[in-house]
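Close look at the chain arrangement
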Amino acid sequence: MGIPYTPLEGLYILLAASSLLVLVIILSFYKKLGIGKEFTYAIVKGGGQLVLIALFLTFLFQTKLWIFLIWILLLTMIIVGGHTSAKRATHMPHAFQITTPSILIGATTALIVLALSRAMPLQPQYIIPLAGMAFGNSMSICSLSLDRLVREINLNRTGIESMLSLGIPSKQAMEEYNRLSIRAALIPTIDRLKTLGVIFIPGAMAGLLIAGTDPLVAAEYQIIVYLMIVGGGIITAMTVAFLARKKIFTEYDQLAEWLYKE
Amino acid sequence: MVEEFHNELEKLKKQVVRMGNLAQDMLKKSVKALKEKDTDLAKEILNCKNEIANMDEKIEQDALKLLTLFQPMAKDMREMATVLKMITYLARIGRYGKDIANITLELAHKPHVKELVSIPYMAKEVDSMINDALTAFENEDVESIDGFTAREKNVDELRYSIFRECLTYMMEDSKTIKRCARYIMVARYLERCGDHAVKMAEKVFYMVTGDHIDLDPPGPTPDCEL
Amino acid sequence: MSKKTSLEMEVKDLDLWYDTKQALKKVNMPVYKNKITAIIGPSGCGKSTLLRCMNRMNDIIDKCRIEGEILFDDKNVYRKNYDVVELRKRVGMVFQKPNPFPKSIYENIAYAPRIHGIKKKKSLDGIVQQCLKDAFIWEEVHDRMESSAMGLSGGQQQRLCIARALSIEPDIILMDEPCSALDPIATAKIEDLMRVLVKDYTVVIVTHNMQQAARVSDYTAYMYLGELIEFGETEQIFENPQEELTEKYITGRFG
Ligand SMILES: Nc1ncnc2c1ncn2[C@@H]1O[C@H](COP(=O)(O)OP(=O)(O)O)[C@@H](O)[C@H]1O
Ligand SMILES: [Mg+2]
């Protein structure tokens, strides 16, 4: 079952696969695409991170301490996710105060539902990849919605000011833009949901198929995972909209200064 | 734009001063012609009639054009308003000069009842008032119009004293009536010119300070039976 | 003009800093009830800043510091925990560029009253009609209430925005250069409208157009470099300003 080779054999295969990389680099150099350097950096960084996590996982799967260690992993996921996403709102002060809780709430809710529905047995082999998916997805939805929200607010500054000047509270004044940003953030996920299995075989299912699972079970599982991702995503986007109000408006319902720098 | 307006306004004010000098001249010369029975001089004054009317017309048109184009405010507006009022008074003063010149021509074939003294003296007083009002306008300085109230009263007094003097002559000798009636009219004209000088001084005061002033407050009129 | 006047609002010793730059310096200004007060002065002198202080719409906080007070109903609107949403219901604002909501004409007016709790269609209809009539635009739009406000001309849009400001029944209406984007005819209509509105409202208008200030306002404030140089009855300011700076500005002998 699973992938039929040992780590050592895998390394040879990896080297073989790397020839593709070399080809790309040569091609990039020859065609002056200017991506060779960045591409190499990304591959090395991403590959390195993967190998490190693989080593860590190997250790984790074998030790009884995983109950504690997994928290460190989850914590890292949420902090890295929060900060990465926070960079979307360039001028918003302390944007991570919005992104971190939003990702946390969205992803955690999804994971708890998964755990309660027993779709995710409480074993590190399940928790870690699923948590990775939940956090990763929440992070990208968080970025998308925050980016869109800030952009919408900026585009409609005069409209919002008109509303404020009519004594409309900031909560209602930004309602429409909240809706827009939540919808916009979910578009990629929903599109992917629609084309599921047609355009591409999603990660979890690919993994399961490679691992030799019955395709029907794999599909079921993928749907469960997707529901979790969409659900968690919506919660994340809503939390972003909810929390962002305090950053976008001042205590006295004025548009905040940083918006003017965007 | 604004620069242009201020240049135009300066030009306009210079024109007003020139018109003022002409009016002053007409009045002064008309009295001189009357005193000396100089009919040539009187005719010369009649010829100025058109010139001053044209100046009045031209300045008014220029002023209205500036008002329309620039809609001036504050001091600019007050200067424009003063210009428009001044030219009316100055045109009238010029016309009185013309009227006195006409009287000169009417009286030319007869000697004066006696040598004219009071009328030239009164004319000098009035002329100095006109002169001071114009100076105040030109220099935007209200100092020279300080004693106008008293000077106006003085001119009024002079008119009534001329009137009383003429009454005596007319009662003594009815042949003087025609001439004396003319002298009384001249005194009346000069007194009106004094009034105009006072009015101009008031406008200049408004132009410079923005405040309205009454330099000819109603007081007891000199006793006289007309 | 010197009918009985009472105070609607009072600016007292107001200082305002944007970061280190002082934009308002010890400004003292009364706003009289049922009068139009015009604020004039060169660009950047703080007119909009002062206006926006009056309904607390100054757009910046962290680097904006305010000292002094603005009294409205005997209360300082800069007091801590002052309810600004309530303040803005009573001090409406019209902006420089006409900015109707991208909604129907009807919705533009009904929007705020509905949020403020008026839900009955009939009441809303009444309010919409009244506001549009009060803003002199009913005749032009009554047969196309459901079409988008964006289809109106600039002048109509601005009157719609005034109608929108009326929809919350404010006491004061603030206008920041409301005619600067309009042609002379649309401008004249808004000026007429202001003279009518002032019977029921107090109006404060910022304008670059001195003739406009002279035509429509009862009181005029002249500001320069964040200071209020002169305040007085409009006739006096434009006929006989007491301060040399005002005189220079009004007659264009500036800088
Ligand atoms: N948001 C802001 N941040 C920093 N400075 C500002 C800001 N808004 C206005 N200012 C400054 O304050 C001054 C007054 O501006 P403003 O009230 O808009 O002037 P006005 O409306 O008279 O043209 C100007 O010098 C302007 O540069
Ligand atoms: Mg402004």
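First, a word on scope: everything that follows refers to the structure included in this document. Numbers given for residues are sequential positions, taken from 1 along each chain in its written order. Chains carry letters and ligands carry numbers; both start at the beginning, A for chains and 1 for ligands, and go up in the order they are written. For this predicted model, a pLDDT threshold of at least 70 governs which residues receive local features, and a threshold of 80 or more governs which side-chain atom pairs are given and counted, while totals over whole chains, interfaces and linings are taken from all residues. To get the side-chain values, all heavy atoms of the structure are used, and hydrogens and water are removed first.

Here we look at empty space enclosed by the protein
Residues are said to line a cavity or pocket when one of their atoms sits within 4 Å of a point; the points come from a 1 Å grid over protein atoms alone, cavities being sets where a 1.4 Å probe fits but cannot get out and pockets being open sets with protein on both sides within 12 Å along at least five of seven lines. Grid points are joined across faces, edges and corners, and a volume is the space filled by probe spheres set on the points. With the rule as written, the count across this model stands at two cavities of 30 Å³ or more. Of the voids in this model, the largest cavity is the one considered here, and its volume is about 120 Å³. Lining the largest cavity, in full, are Val113, Lys114, Glu115, Leu116, Val117, Ser118, Ile119, Ile162, Glu165, Cys166, Tyr169 and Tyr183 of chain B. Looking at the lining of the largest cavity, the elements with two or more residues in it are helix 4 (118-139) and helix 5 (148-172) of chain B. Only DSSP runs of H or I covering at least 4 residues are called helices, and only runs of E covering at least 2 are called strands; the numbering of each starts at the N terminus. The element contributing the most residues to the lining of the largest cavity is helix 5 of chain B, with four residues. Broken down by class, the residue content of the lining of the largest cavity amounts to eight nonpolar, one polar and three charged. Approximately 40 Å³ is the volume attributed to the second largest cavity. The wall of the second largest cavity is formed by Gly106, Ala107, Ala110, Ala134, Asn137, Ser138, Met228, Ile229, Gly232 and Gly233 of chain A. Classification convention: Asp, Glu, Lys, Arg as charged; Ala, Val, Leu, Ile, Met, Phe, Trp, Tyr, Cys, Pro as nonpolar; all other residues, Gly among them, as polar.

Here's the deal with the arrangement of the chains
Contacts are assigned to residue pairs with any non-hydrogen atoms lying within 4.5 Å of each other. When the two pairs of chains in contact are compared, the highest contact count belongs to chains A and C. Over all C-alpha pairs, chain A and chain B never come within contact, reaching a minimum spacing of 34 Å.

What to know about the layout of surface pockets
All names here are of chain A. If you add up the space inside the largest pocket, you get close to 1400 Å³. Among the elements of the structure, helix 1 (7-30), helix 2 (36-62), helix 3 (66-86) and helix 5 (124-155) are those that each provide at least two residues to the lining of the largest pocket. Per-element accounting of the lining of the largest pocket gives the leading share, 13 residues, to helix 2. Its residues assigned to classes, the lining of the largest pocket comprises 23 nonpolar, 11 polar and one charged.

Some words on the packing of helix 1 (residues 2-36) of chain B against helix 3 (residues 74-107) of chain B
All names here are of chain B. Contact geometry of helix 1 with helix 3 gives a least axis separation of 8 Å together with a crossing angle of 20°. One way to sum up the angle between helix 1 and helix 3 is to call them roughly parallel. Of the two elements, helix 1 crosses helix 3, and the hand of that crossing is left-handed. Residue classes in the contact of helix 1 with helix 3 are distributed as 23 nonpolar, six polar and three charged. Each axis is a line fitted through C-alpha atoms, taken for helices only over the stretch in contact, and angles between the N-to-C directions span 0 to 180 degrees. Roughly parallel here means an angle under 35 degrees, roughly antiparallel means over 145, roughly perpendicular means 65 to 115, and every remaining angle is called oblique. Here is the rule for handedness: rotate from the far helix to the near one, and if that takes an anticlockwise turn smaller than a right angle the crossing is left-handed, while a clockwise turn gives right-handed.

Let's talk about the interface of chain A and chain C
With 21 residues of chain A in contact, the opposing surface of chain C contributes 32 residues. Note on definitions: buried area is the accessible-area loss of two parts on being combined, 1.4 Å probe, summed for both. Summing both sides of the interface, chain A and chain C together bury roughly 2200 Å²; the carbon and sulfur share of this comes to 56%. Sorting the residues of chain A by area buried against chain C places Leu166, Tyr252 and Glu257 of chain A first, and these three jointly supply 31% of that buried surface. Salt bridges are counted wherever a side-chain nitrogen of Lys or Arg sits within 4 Å of a carboxyl oxygen of Asp or Glu. At the boundary of chain A with chain C, the tally comes to two salt bridges. Across the pair Lys103 of chain C and Glu176 of chain A runs a salt bridge, and its minimum N-O distance is 3.6 Å. Whenever a nitrogen or oxygen atom comes within 3.5 Å of another N or O atom, the pair is scored as a polar contact, on the condition that within protein one atom can donate a hydrogen and the other can accept it, and that pairs from neighbouring residues in sequence are kept only if both atoms are in side chains. Inspection of the chain A/chain C interface yields nine residue pairs in polar contact (both at pLDDT 80 or more). A total of seven residues in the side of chain A that touches chain C trace back to one element, the largest contributor, which is helix 6 (residues 157-165) of chain A.

Section: the nonpolar core
Nonpolar core, defined: a set of buried Ala, Val, Leu, Ile, Met, Phe, Trp, Tyr and Cys residues in which side-chain atoms within 4.5 Å join the residues together. To sort residues, take the accessible area from a 1.4 Å probe on protein chains only and compare it with the maximum for the residue type: under 20% means buried, over 50% means exposed, and anything in between is partly exposed. Ile153 and Ile248 of chain A together with Met29, Leu50, Met54 and Ile70 of chain C are the most contacted members of the largest nonpolar core, which has 88 residues in total. For this core, the leading source of residues is helix 5 of chain A, giving 11 residues. Discounting residues that sit within four places of it in the chain, Leu50 of chain C has contacts with Val11, Leu14, Leu24, Val27, Met29, Ile39 and Met223 of chain C.

Focus on the state of the cysteines
Residue and element names in this part refer to chain C. Two cysteine sulfurs form a disulfide in these notes if their separation is within 2.5 Å. All told, the structure shown has zero disulfides over all chains when counted by the stated rule. Cysteine Cys45 is unpaired, with the sulfur of Cys53 as its nearest cysteine sulfur at 13 Å. No disulfide involves Cys161; its sulfur sits 12 Å from that of Cys179, the nearest cysteine.

Here we look at the side chain of Glu79 of chain B
Note that Glu79 of chain B resides in helix 3. Apart from residues no more than four positions distant in its own chain, Glu79 of chain B is found in contact with Leu9, Lys13, Glu140 and Met207 of chain B.

Examining helix 4 (residues 121-134) of chain C
All names here are of chain C. Multiplying 1.5 Å by the residue count of a helix minus one yields the expected span of that helix. An ideal rise of 1.5 Å per residue puts 20 Å on 14 residues; helix 4 measures up with 20 Å between its terminal C-alpha atoms. Residues of helix 4 that are buried: Leu124, Ile127, Val128, Cys131 and Leu132. Buried residues along helix 4 cover an arc of 120° about the axis, so they all sit on one side. The inward-facing, buried residues of helix 4 contact helix 3 (105-115), helix 5 (138-141) and helix 6 (154-166). The directions from the helix axis to the C-beta atoms form the arc being described.

Notes on the pairing of strand 8 (residues 202-206) of chain C
Residues and elements named next belong to chain C. Taking burial as the measure, the five residues of strand 8 include five buried ones, the bulk of the element. Taking every second residue as pointing to the same face, both faces of strand 8 are buried, with Thr202, Val204 and Val206 on one and Val203 and Ile205 on the other. Relative to strand 8, strand 3 (residues 36-40) runs parallel, the two being bridged by four bridges. Counted as the bridge partner of Ile36 is Val203 from strand 8. Look down the strands so they point away from you; if going from the first strand over the helix to the second traces a clockwise path, that crossover is right-handed. The β-α-β motif built from strand 7 (residues 172-176), the intervening helix 7 (residues 184-197) and the parallel element strand 8 has right-handed crossover chirality. Paired strands, in this sense, are two strands between which DSSP finds at least two bridges.

Thoughts on the environment of Asp195 of chain B
Residues and elements named next belong to chain B. Of note, Asp195 is situated in helix 6 (residues 177-209). The spatial distance from the C-alpha of Asp195 to the C-alpha of Ile93 is 10.0 Å, given a sequence separation of 102 residues. For Asp195, the contacting residues outside a window of four places in its chain are Glu152 and Asp216.

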